[in-house]
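Chain residues, written in single-letter form:
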Amino acid sequence: MKASPLAISLVLLYASELTGATRLKLYGRPAPRHVGGVLGRRASVVGNTSVGDLGDVQYNTDITLGGQNFSVQIDTGSSDLWVTGNVPNAKNTGKSTKVQYAVDAVEGSILTAPLEFAGYKVEDQAFLNVPPSSAGTGLIGLGPNVGSRVKDALGSSDSAGDPVLDRIFRQNTSTPNYITVLLGRLRDPTDPPTGELTVGEMLPGYESVTSQPKLPVSTVSSSNSANQHWQILLDADGIIGPAGNNVIDQFNVQTAVSSTSNNKQLTVVLDTGYSLPQVPPRVAEAFYKDVPGASLVTRSELNGQVWQIPCDKEVNVTFKFSGVSFPIHRLDTNLDLNLTDSSGKAVCVGAFQPMDPQDDATYDVIFGMAFLRNAYTYINFGDFVDGSTAATADPYVQMLPTTNDTAEAHADFIKVRGNSPWTPSDATLGERLKARLPLIIGLAAAGGVLILIGLGVFCCWRRNKRQRTTFFRPTYQPLHDPAPPEAHDLHLVNNNNSGYHRPPYSNPWDARY
């Protein structure tokens, strides 16, 4: 029987207390249940899953607020700081707000207090003080500031309401305005489940991330700015399935973002607070449908549909950004969340969960922890810092693949899960046609219309031709009509001995026409 991830003891590595430090240790731990449900993502990040207390890992770090230590989850998918429990030396602004998540929300009074984070100090950082469900916990948002509910509540004139990183970058002008994130993997026999977050500093050994392609952050319209995230474009051939197949092409995957010029390029949100990556249903189907024993099921604890698969099946997938491949570790494509099926048998789930497209979508995919554990991620804020000038460079992302040793990843999977080999296959002709059924129907309808138009034009042409033929009737006598009688004696008129003088030649048919 497999051990529950909840029973696994994780080593907690705490942040450096040195004033000049810019690096924070992250520690993975099973995600706790929060308030009346499970803490999901921002409401504007549309989807249908959050894992809760089933052994999923969330990534926490330590901050000091009002002199009190708090363990907070890092979240690049939101912008606000909130904590539970008493905060010494805090001041009440007299205002309150609510941060809405997919399956829950947090709300409370907006307070200010001295903050220490990543070696930086902010004297009067605004935060949301949430009634405690477990004191001493919270979340720090590392996303673009336009999504901040605290900032909206305090107004643009009060800089205390700006997100933490905006405050740090503005008061420390010599600090480059970027962060980097490296996440560990729970139950990885080779690497620890810890990670690191840096502010304005590179991790030693990962400096080559700056040589990777710069991926521009896609910006949304000002009217939809609350949906602004760290979002980038996947390559048009950027999803490689278990059979080494081009999933986007074979399954006719297209973006739901109307502003994207190439409909085969999907917009991807990078979100460290998100557990199961969200992908279009056809992508999840391409990954998991052929796994022996796989089934698409609805699980209430996962808030929607998910592919349920045997725990000992390796699923190999790769994503591409600007031509760079990011192989995904097998332990990240097939997740053990300590679940059982209806018969009580232990089962695992496909980490890439189907997500239906939304109206007026600003993204297609959310890459949470299961993807981000396979990349060292550099996020340059550019002019996404409040108060920055137009001269500041545009924000961008650079990523360095970290799961490059596929043999090691295979060995890790076998050591943890065992191995039951299976043979992936390309999409069948029927699956390819099914994926393109709307296009086929549209083309067939268009073809039918063109045929009808062509028949109409042909009929009109035939009718006009007949009318012209009647009007311009020829005067030649058909050959099968009998000749007039006088035509039979013409050979007699050439007898010179008869004294007969030949009259001028005339056509014997002339008298009749």
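Counting of residues starts from 1 at the beginning of each chain's written sequence and follows it residue by residue. For this predicted model, a pLDDT threshold of at least 70 governs which residues receive local features, and a threshold of 80 or more governs which side-chain atom pairs are given and counted, while totals over whole chains, interfaces and linings are taken from all residues. As a rule here, side-chain values come from all non-hydrogen atoms in the structure, and water together with hydrogens is ignored.

J.: Give me the lowdown on the overall build of the chain, citing residues and values where you can.
T.: Secondary structure summary: the chain contains nine helices and 25 strands in total. Here's how the labels work: a residue is buried when its accessible area is under 20% of the maximum for its type, exposed when over 50%, partly exposed in between, all with a 1.4 Å probe on protein chains only. Sorting the 513 residues of the chain into buried and exposed places 49% on the buried side. Expressed as a percentage of contacts within the chain between residues at least 6 apart in sequence, the contacts between residues at least 24 apart total 70%. Here the chain displays about 24,100 Å² of accessible surface, and carbon together with sulfur accounts for 53% of that area. Going along the chain from the N terminus, every DSSP run of H or I of four or more residues is numbered as a helix, and every run of E of two or more is numbered as a strand. In this description, contact between two residues means that some pair of their heavy atoms is separated by no more than 4.5 Å. All accessibility values rest on the Shrake-Rupley procedure with a 1.4 Å probe; residue burial counts only the protein chains present in the view.

J.: Tell me what's going on with the sheet that holds strand β13 (residues 239-240), and back it up with residues and numbers.
T.: An order of β13-β18-β19 is seen for the three strands of this open sheet, with the pairing classed as antiparallel. With one partner strand each, in any of the chains shown, β13 and β19 (324-327) form the two edges of the open sheet. Being paired, for any two strands, means DSSP has found at least two bridges between them.

J.: Go over helix α2 (residues 164-171) with me, naming the residues and quoting the values.
T.: The buried fraction of α2 amounts to six of the eight residues, a majority that puts the element mostly inside the structure. For α2, the set of buried residues is Val164, Leu165, Asp166, Arg167, Ile168 and Phe169.

J.: How would you summarise the pattern of salt bridges if you had to cite specific residues and measurements?
T.: One side chain can pair with another of opposite charge once the charged atoms of both are near each other. What counts as a salt bridge is simple: a side-chain nitrogen of Lys or Arg found within 4 Å of a carboxyl oxygen of Asp or Glu. Tallied over the entire structure, the rule returns 11 salt bridges. Among the salt bridges present, the one from Asp124 reaches Arg167, with a minimum N-O distance of 2.6 Å. With Asp124 in strand β7 (residues 120-130) and Arg167 in helix α2, the pair connects residues that are 43 residues apart, well separated along the chain. Note that Arg299 is salt-bridged to Glu301, the shortest N-O span being 2.9 Å. Accessibility expressed as a relative area gives 28% for Glu301, which makes it partly exposed. Here the salt bridges share partners, and the residues they tie into one network are Arg185, Asp188, Asp332 and Arg373.

J.: Explain the sheet that holds strand β17 (residues 304-309) to me, using residue names and the numbers behind them.
T.: Read from one edge of the open sheet, four strands run β16-β17-β21-β20, paired in antiparallel fashion. The open sheet has two free edges, formed respectively by β16 (295-299) and β20 (334-340), since each of these has just one partner strand. The sheet shows a mean angle of 50° between the axes of neighbouring strands, taken without regard to direction. By the bridge criterion, two bridges tie β17 to strand β21 (residues 346-350) in an arrangement that is antiparallel. Paired with Gln308 across the two strands is Val349, which belongs to β21. To obtain an axis, a line is fitted to C-alpha atoms, over the contacting stretch when the element is a helix, and the angle between two such axes runs from 0 to 180 degrees between their N-to-C directions.

J.: Account for the pairing of β21, naming residues and giving values.
T.: Most of β21 is tucked away: four of the five residues are buried. Bridge count between β20 and β21: four bridges; the pairing is antiparallel. Opposite Leu335, over in β21, you have Val349 as the bridge partner.

J.: A description of a nonpolar patch on the surface should follow, citing residues and the corresponding values.
T.: A contiguous nonpolar surface patch, about 390 Å² in accessible area, is contributed by Val449, Leu450, Ile453 and Val457. Checked against the element boundaries, Leu450 lands in helix α9 (residues 437-471). Each patch is assembled from residues with relative accessible area greater than 30% and no salt bridge, linking like charges that lie within 9 Å and nonpolar side chains (Val, Leu, Ile, Met, Phe, Trp, Tyr) that lie within 5 Å.

J.: Residue-level account of helix α7 (residues 406-417), with values.
T.: In an α-helix, one turn spans 3.6 residues, which is why side chains three or four residues apart end up on the same side. The length a helix should cover is 1.5 Å for every residue beyond the first. For α7, with 12 residues, the first-to-last C-alpha span of 16 Å sits near the 16 Å given by 1.5 Å per residue. In this structure, the buried residues of α7 make contact with α5 (330-333), β20 and β21. Residue Asp405 occupies the N-cap position of α7, its side-chain oxygen lying 3.3 Å from the main-chain nitrogen of Ala407. Backbone geometry just downstream of α7 places Gly418 in the positive-phi region, at approximately 85°. Polar contact is defined as a pair of N or O atoms within 3.5 Å, subject to the rule that within protein one atom must be able to donate a hydrogen and the other to accept it, and that residues adjacent in sequence are counted only when both atoms are side-chain atoms.

J.: Explain unusual backbone geometry to me, and be specific about the residues and the numbers.
T.: Within the chain, Ala118 stands out as a residue other than glycine whose phi angle is a positive 55°. With respect to the secondary-structure elements, Ala118 resides in the loop between β6 (105-117) and β7. Accessibility expressed as a relative area gives 3% for Ala118, which makes it buried.

J.: An account of the packing of aromatic side chains is needed here, citing residue identities and associated values.
T.: Pairing of aromatic rings covers Phe, Tyr and Trp, the last counted by its six-membered ring, and requires centre-to-centre distances within 6.5 Å; plane angles under 30 degrees mean stacked, over 60 mean edge-to-face, and any other angle means tilted. Taken as a whole, this structure holds 17 aromatic pairs when the rule is applied. Arranged with centres 6.1 Å apart and planes meeting at 70°, the rings of Phe287 and Phe319 form a pair that is edge-to-face. One end of the pair, Phe287, is in helix α4 (residues 281-288); the other, Phe319, is in strand β18 (residues 318-321), and 32 residues separate them in sequence. Just as Phe287 is buried, Phe319 falls in that class too. Three or more aromatic residues joined by ring pairs form one cluster here, namely Phe287, Tyr288, Phe319, Phe321, Phe326, Phe352, Phe367 and Phe371.

J.: Can you break down the state of the cysteines residue by residue, with the values?
T.: Here, two cysteine sulfur atoms that lie within 2.5 Å of each other are counted as a disulfide. Taken as a whole and assessed by the stated rule, the structure comprises one disulfide. Paired through a disulfide, Cys311 and Cys348 show a sulfur-sulfur distance of 2.0 Å. The sign of the 105° torsion about the S-S bond sets the Cys311-Cys348 disulfide as right-handed. Pair noted here: Cys311 is in the loop between β17 and β18 and Cys348 is in strand β21, with a separation of 37 residues, a long-range link. Each member of the pair, Cys311 as well as Cys348, carries the same accessibility label: buried.

J.: A description of the nonpolar core should follow, citing residues and the corresponding values.
T.: Take the buried residues of types Ala, Val, Leu, Ile, Met, Phe, Trp, Tyr and Cys, join any two whose side-chain atoms come within 4.5 Å, and each joined set is a nonpolar core. Ranked by size, the top nonpolar core spans 79 residues in total, and within it Phe117, Phe319, Phe321, Phe352 and Met399 carry the most contacts. Looking at this core, the element that brings in the most residues is α4, giving five residues. If we skip the residues at most four places from it in the chain, Phe352 touches Pro277, Val279, Ala284, Phe287, Tyr288, Val317, Phe319, Ile328, Asp332, Thr333 and Phe367. Membership of the second largest hydrophobic core comes to 11 residues, among which are Leu128, Val130, Leu154 and Ala160.

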